[in-house]
Amino acid sequence: MSFAAPTDPLTGMQAARFGLYLHFPYCLAKCPYCDFAVAVARQVPEERYANAVLAELDARLAADPSLRAKPLESLFLGGGTPSLWHPRYVARVLEGIAARLSLAPGLEVSLEGNPERADAERFAGYRAAGINRLSLGVQSFQPETLKALGRAHDAAMVEGAVAAARQAGFPVVALDFIYGVHGQTLAQVEADARRAVTLSPEHLSTYALTVEREVLAESTPLSKQLDRGELSLPEDDVVVAMARTVRDVYGAHGLARYEVSNHARPGFSSRHNALYWTGGEYLALGVGATGMLLSPTAHRYVNLRSPEAYLRTVEEGRLPEASREDLGPEELFAERLSMGLRLVSGVDWEAVCERYGQPVEPRRAEVERLVAHGFATRHGRRLALTERGADVHSAICARLL
């Protein structure tokens, strides 16, 4: 993990410039808040899926051979529950990617896992396969919160998973949490944060619960329960207080906030996630995966969300895309500015305007107002949101865009 990622000139953030996201869609159960492309399966087609994602990679390289020459700086296996995938198939896929793409020295290779699927032997297999960053979906230590989120683990399983990860030799262990859940209190969120830091993770992500509606014309179970009045979420001011409490606890224990929802010890920020925030490009493989490539023209593609349709399409030698969207200067400008403002380091907003042909002067008065009212700070041309501003990030972006 000694590789120093390039520094993005617009944000000052170290970030991969070219990455690969691989989606593993299978889960033992689907969480009620989840809107990702997942499939509940007791028997996972592990080998077939490994063969399919490599076949998709071959098809994408055939369509654009120039991708082979770009140094791959980050690789992220997300889901779903990638820790359901046997290490031998993870190793096969990683070896296949290495044989097809140019790998940068110190490649960051992340895998998401659930605490209930943790054991020393399995984790040792992932480490031997080349995974060097393990991200565990904890969400909470509180039994009531875990039940509300449909999670199958408990606090003891989390501690056991972290111990197994350390025994396996992972240099980076990341933990993910959620706040703003039905029935959750500020005291519980603070207790989660204080317990999390005792496990000495290198990285902590803590997200406000989002309620997704009408994912491909179908609402998530959580949104339906809310609409029927069966559940209620904490008030906005309580959610803001939860976010601030988390920031205070993490910061006091050496995990500095570098993005709205992410904290890390020095040198351990996620280079793959920073790729998204700094306008890098990334291949995406697997069911429902979203990729963004900048050449020959900027475009975003989304793969089929049905596992069987994905497998069948790839096995027939076709790209498994459900949609493809060309991105013009206005779309790229909106993404670059809003993502850059998620970072504590901020973004050179004038340079973003200039790069994508957007006028600077009409926005200058709004920038001055943000600074004057304590929502942002300015260092030269770089604009960064304060903690107060980060709490209303979406509203600020809407005004600037």
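Below, the structure is looked at part by part. This is a predicted model, so every value here is computed, not measured.

Some points on the pattern of salt bridges
Under the criterion given, the structure shown has 27 salt bridges. Here Asp58 makes a salt bridge to Arg100, at a shortest N to O gap of 2.7 Å. Of this pair, Asp58 sits in helix α1 (residues 46-63) while Arg100 sits in helix α2 (residues 87-100), and the two are 42 residues apart along the sequence. Look at Asp58 and you get partly exposed, because its relative accessible area is 32%. You can call Arg100 partly exposed: its relative accessible area is 22%. The salt bridge involving Glu321 is made with Arg324; its shortest N-O contact spans 2.8 Å. You can call Glu321 partly exposed: its relative accessible area is 21%. Classification of Arg324 as partly exposed rests on a relative accessible area of 46%.

Side note on empty space enclosed by the protein
This structure, assessed with the given rule, holds two cavities of 30 Å³ or more. In terms of lining, the largest cavity is formed by Gln139, Phe177, Ile178, Tyr179, Gln184, Val189, Asp192, Ala193, Thr206, Val246 and Tyr250. Elements with a minimum of two residues in the lining of the largest cavity: β7 (172-179), α6 (186-198) and α8 (236-252). Partitioning the lining of the largest cavity into residue classes produces seven nonpolar, three polar and one charged. What the second largest cavity holds in volume is close to 30 Å³. In terms of residue class, the lining of the second largest cavity is built from five nonpolar, no polar and two charged.

A closer look at helix α15 (residues 393-400)
Every α-helix winds through 3.6 residues per turn, so residues three or four apart in the chain are directed the same way. The set of residues buried in α15 consists of His393, Ile396, Cys397 and Leu400. Down the axis of α15, the buried side of the element spans an arc of 100°, and every buried residue falls inside it. Residues of α15 that are exposed and angled more than 90 degrees away from the buried face: Ser394, Ala398 and Arg399. Residues of α15 that are buried in the fold lie against α11 (329-340), α13 (361-372), β17 (382-385) and α14 (387-390).

Reading the values: the criteria
Residues numbered from 1 in each chain as written. Predicted model: local features only at pLDDT ≥ 70, side-chain atom pairs only at ≥ 80, totals over all residues. Heavy atoms only, no water. Salt bridge = Lys/Arg side-chain N within 4 Å of Asp/Glu carboxyl O. Helix = DSSP H or I, 4+ residues; strand = E, 2+ residues; numbered from the N terminus. Buried < 20%, exposed > 50% of the residue type's maximum accessible area, 1.4 Å probe, protein only. 1 Å grid on protein atoms, 1.4 Å probe; cavity = no way out; pocket = protein on both sides within 12 Å on 5 of 7 lines; lining within 4 Å. Points joined across faces, edges and corners; volume = space filled by probe spheres on them. Nonpolar A, V, L, I, M, F, W, Y, C, P; charged D, E, K, R; others polar. Arc of directions from axis to C-beta. Contact = heavy atoms within 4.5 Å.

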